[in-house]
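# Structure at a glance
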Amino acid sequence: MNSRKVIAPLALATALSIGTVGNLLAQDETTPSLILSNGQIYTASPDSPHAQAVAILDNRIVAVGSTKDILAMAGPDTHKIDLKGKFVVPGLNDAHYHSFSNAPVGHQIDLPWEPTWDQVLEAVEKATKDVPEGTWILGLAGVDVIEDLKADRFSLDKIAPNHPVYISTWFSHGEVMNTNAMDIFGVDENAPDPLGGWHIREAGSDKITGKFHEYVQWPLRRKLLDLNLSDEQMIQLLKEQTDQLLKWGVTSIQDMPIATPERYLRLLNAIESPIRVRYMRMPTTTPEARDISEAADVDRHPFGNDRITATGTKWFLDGTPMERVAATRKDYADRPGWKGRIFFDDAEQQKMMSNPDEWRDQLLLHCHGDRCAENVMDNMEAVSKTGWPEKRLRIEHGDGIVDDLIPRAAELGIIVVQQPHHLVLKDIFNIRYGEDTDFLRLRSLIDAGIPLAFGTEGLETPYAAFPYSINHPLDPNESITRAQVIDAFTSVAAFAELEEENKGQIKPGMLADIAVLSQNLLEAPAEELEKTESLLTIIDGEIVYDAGKLN
């Protein structure tokens, strides 16, 4: 994809081992292709976290230091950019991303944040009069709808017999559809539950009500995209996504798309995005088994595109606190006698943990509750007492890694990939888990040596993580520093995808992925951090986004 000369990391590291910039240039008989100077550079490298300038040769960083020393390396053809004191970080790496999670599918009805089922029915009925028969009607509901026993296909059928209707939730766990939608999907009214998922059924009957959870919903969401969005529409969405990410200074995403692997990878390759994308598969299940054959034969670099990497396999082990399916050790504070649900039993978890051939390099486990986290660690230890740190098992979310579980997670080498924007739901956490909840630790994990990476789920700017991370709403003692937030989106995010030798830091030998930002993340007022944008985004030593504000 990149036709310019590329210096191999090993050769570059060998050259750098000589120890001086002069010797490096003498050995390579070349000068930097690009120099950034007069900046406030946060390198995310613990050995030398701050610098003024960086020299780039083709797609790799060759030197970092003072403006005077780095400019002395320039040759007649070196492109020099004066950063004018702007703040610089390694290109951001969103470690937990979901492309197409908010794709504009079908006719979307307008609903309040937490509508009642009656409000949903009213909006659906209005839509049936506004759009032709056969048009998909979709809406985004919440906890009240998922909990309402009246929320079913039968009430939808009365008002929308000729329109397929699909009601999802803003937290993406638990959905409702009508009979027309079931017929299009090919879902029989007595359909068996898939492994790790379940239909809600009429009391004393096998007949499904149209409400369903987890591994029922993931294949249906894929079908929604296939039925409603053409390749051209999905390509446009991918291009818009890429443009927005570059404007934020995001140079890598670790993506678990709500789309079939073949289609997603084919269209991603077609847009020739400069962003590095790690595709992590989320296989589905049947009533009998997990479908580990899905995407198993996809090349590590599909289509020979070295900016697209296909590695990692994710499984959902529990739900979320929203619908009370996160698996907890104590009863839910607002539902005594209920502790959530774990989707795969010990035997199945140990089976997935024992077979690295199916991981595609790394195993990722969605796990919100503390019982879920404890269950994972129990099964890891049952499979093997040693060797886990090298495997770098990831827990996505990891809200329940608390107290006694923290040292166990550290010893097992578990990586936690968290989404700090979940802390906006402080009130719901307190309602579900109690006012004294200790869930969603940040500082305690880092202090214990647990790698903590951040992701956005593809829902917002990475900079929205800062206010909640540096001023933890549930427990001020769990607040972390601004530098640690940057690390979570750069050096630790790279470690979380086994790429720390190539990216995540601004230091010699690393890929030249860099973002020049509109404000200093270490000094700007906390309330302003979310407004941060990139002025200049560089990938592989090439400027891929320029806001035009450094000229």
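This report concerns the structure included in the present document. Everything quoted here is computed from the prediction, not taken from an experiment. (Residues numbered from 1 in each chain as written. Predicted model: local features only at pLDDT ≥ 70, side-chain atom pairs only at ≥ 80, totals over all residues. Heavy atoms only, no water.)

Further remarks concern the layout of surface pockets. As a volume, the largest pocket reaches approximately 1,200 Å³. Taken together, 48 residues line the largest pocket, and the ones lying closest to its centre are Asn102, Thr169, Trp170, Phe171 and Ser172. Of all the secondary structure elements, the ones that give two or more residues to the lining of the largest pocket are strand S10 (137–141), strand S11 (165–169), helix H8 (217–228) and strand S17 (308–316). Class assignment of the residues belonging to the lining of the largest pocket gives a composition of 27 nonpolar, 16 polar and five charged. (1 Å grid on protein atoms, 1.4 Å probe; cavity = no way out; pocket = protein on both sides within 12 Å on 5 of 7 lines; lining within 4 Å. Points joined across faces, edges and corners; volume = space filled by probe spheres on them. Helix = DSSP H or I, 4+ residues; strand = E, 2+ residues; numbered from the N terminus. Nonpolar A, V, L, I, M, F, W, Y, C, P; charged D, E, K, R; others polar.)

Across the interface, helix H11 (residues 346–353) lies against helix H12 (residues 370–383) with an axial gap of 9 Å and an inter-helix angle of 60°. Relative to H12, the element H11 lies oblique. With respect to the hand of their crossing, H11 and H12 are arranged in right-handed fashion. Contacts between H11 and H12 involve Asp346, Gln349, Gln350 and Met353 from the first element and Asn375, Val376, Asn379, Met380, Ala382 and Val383 from the second. The residue inventory of the contact of H11 with H12, partitioned by class, reads five nonpolar, four polar and one charged. (Axes fitted to C-alpha atoms, helices over the stretch in contact; angles between N-to-C directions. Parallel < 35°, antiparallel > 145°, perpendicular 65-115°, else oblique. Left-handed = near helix turned anticlockwise from the far one by under 90°. Contact = heavy atoms within 4.5 Å.)

Of note, Pro76 is situated in the loop between helix H3 (67–71) and strand S6 (79–82). For Pro76, a relative accessible area of 83% gives the class exposed. Expressed as a C-alpha distance, the spacing of Pro76 and Leu138, which sit 62 residues apart in the sequence, is 59 Å. (Buried < 20%, exposed > 50% of the residue type's maximum accessible area, 1.4 Å probe, protein only.)

With that out of the way, let us pick up the sheet that holds strand S5 (residues 60–65). Strand order in the open sheet formed by four strands is S5-S4-S1-S6, and the pairing between neighbours is mixed. Of all strands in the sheet, those with a lone pairing partner are S5 and S6, marking the two edges. Strand after strand, the sheet turns through a mean of 15° between neighbouring axes, direction not considered. (Pairing = 2+ DSSP bridges.)

This next bit is on the side chain of Thr43. Here Thr43 lies in the loop between strand S2 (40–42) and strand S3 (50–51). Of the residues examined, Thr43 reaches a relative accessible area of 1% and is grouped as buried.

With that settled, consider the pattern of salt bridges. Across all of its chains, the model carries 33 salt bridges by this definition. A salt bridge links Glu262 to Arg266, with the shortest nitrogen-to-oxygen separation between them at 3.0 Å. A residue pair is termed a helical-turn pair when its members lie 3 or 4 positions apart in one helix, as Glu262 and Arg266 do in helix H10 (residues 261–271) at four residues. Look at Glu262 and you get exposed, because its relative accessible area is 53%. The shortest N-O distance in the salt bridge between Glu358 and Arg290 comes to 2.6 Å. On the criterion of sequence distance, the pair formed by Glu358 in the loop between H11 and strand S18 (363–367) and Arg290 in the loop between strand S16 (276–281) and S17 is long-range, its members being 68 residues apart. One connected set of salt bridges, linked through shared partners, spans Glu147, Arg324, Asp334, Arg335 and Arg432. (Salt bridge = Lys/Arg side-chain N within 4 Å of Asp/Glu carboxyl O.)

It is worth spelling out the side chain of Glu358 at this point. On the basis of relative accessibility, which here comes to 7%, the residue Glu358 falls in the buried class. Not counting chain neighbours up to four residues away, the residues in contact with Glu358 comprise Arg281, Arg290, Ile292, Thr313, Trp315 and Met352.

On to the sheet that holds S11. Strand order in the open sheet formed by six strands is S9-S10-S11-S12-S14-S13, with mixed pairing between adjacent strands. The open sheet has two edge strands with one neighbour each: strand S9 (107–108) and strand S13 (197–201). Across the face of the sheet, helix H4 (residues 117–130) comes into contact with S9, S10, S11 and strand S12 (175–177) while running at roughly 160° to S10.

In a disulfide, the sulfur atoms of two cysteines are covalently bonded to one another. Within this structure, the stated rule accounts for one disulfide. A sulfur-sulfur distance of 2.3 Å marks the disulfide that ties Cys367 to Cys372. A single burial state applies to Cys367 and to Cys372, both of which are buried. (Disulfide = S-S within 2.5 Å.)

Here we take up the packing of aromatic side chains. Per the stated rule, a full pass over the model turns up 19 aromatic pairs. An angle of 45° between the planes, with centres 5.2 Å apart, marks the rings of Trp136 and Phe185 as tilted. Taken as a pair, Trp136 in the loop between H4 and S10 and Phe185 in helix H7 (residues 179–185) lie far apart in primary sequence, 49 residues in all. The class of Trp136 is buried, set by a relative accessible area of 6%. On the numbers, 6.3 Å between centres and 40° between planes, the contact of Tyr215 with Trp315 is tilted. Placement of Tyr215 in the loop between strand S14 (208–214) and H8 and of Trp315 in strand S17 is noted, with a sequence separation of 100 residues between them. Across the pair, exposure class does not vary: Tyr215 and Trp315 are buried alike. Following the ring pairs from residue to residue traces out a cluster consisting of Tyr215, Trp218, Trp315, Phe316 and Phe344. Sitting above the plane of the Trp198 ring, Arg341 keeps its charged end 3.7 Å from the centroid. Its end group placed over the ring of Trp388, Lys391 keeps NZ or CZ at 5.4 Å from the ring centre. (Phe/Tyr/Trp six-rings, centres within 6.5 Å; stacked < 30°, edge-to-face > 60°. Lys NZ or Arg CZ within 6 Å of the ring centre and 35° of its normal.)

Turning to H10, a few remarks are in order. Residues Pro261, Arg263, Tyr264, Leu265, Leu267, Leu268 and Ile271 constitute the buried set of H10. If you follow the buried residues of H10, they end up packed against H8, helix H9 (231–248), strand S15 (250–255), S16 and S17. In the stretch just after H10, Glu272 is the one whose phi turns positive, near 55°.

Among the five residues of S11, five are classified as buried, and the element is accordingly described as predominantly covered. Burial along S11 is two-sided: the residues Val165, Ile167 and Thr169 and Tyr166 and Ser168 are all buried. Here S10 runs beside S11; their pairing, made up of five bridges, is parallel. Bridging across to S11, Leu138 finds its partner in Tyr166. Sheet topology note: the S11/S12 ladder contains two bridges and is antiparallel. Considered in S12, the bridge of Tyr166 is made with Met177. In sequence, S11 turns back onto S12 through a hairpin of five residues, with Ser172 there showing a positive phi of about 70°.

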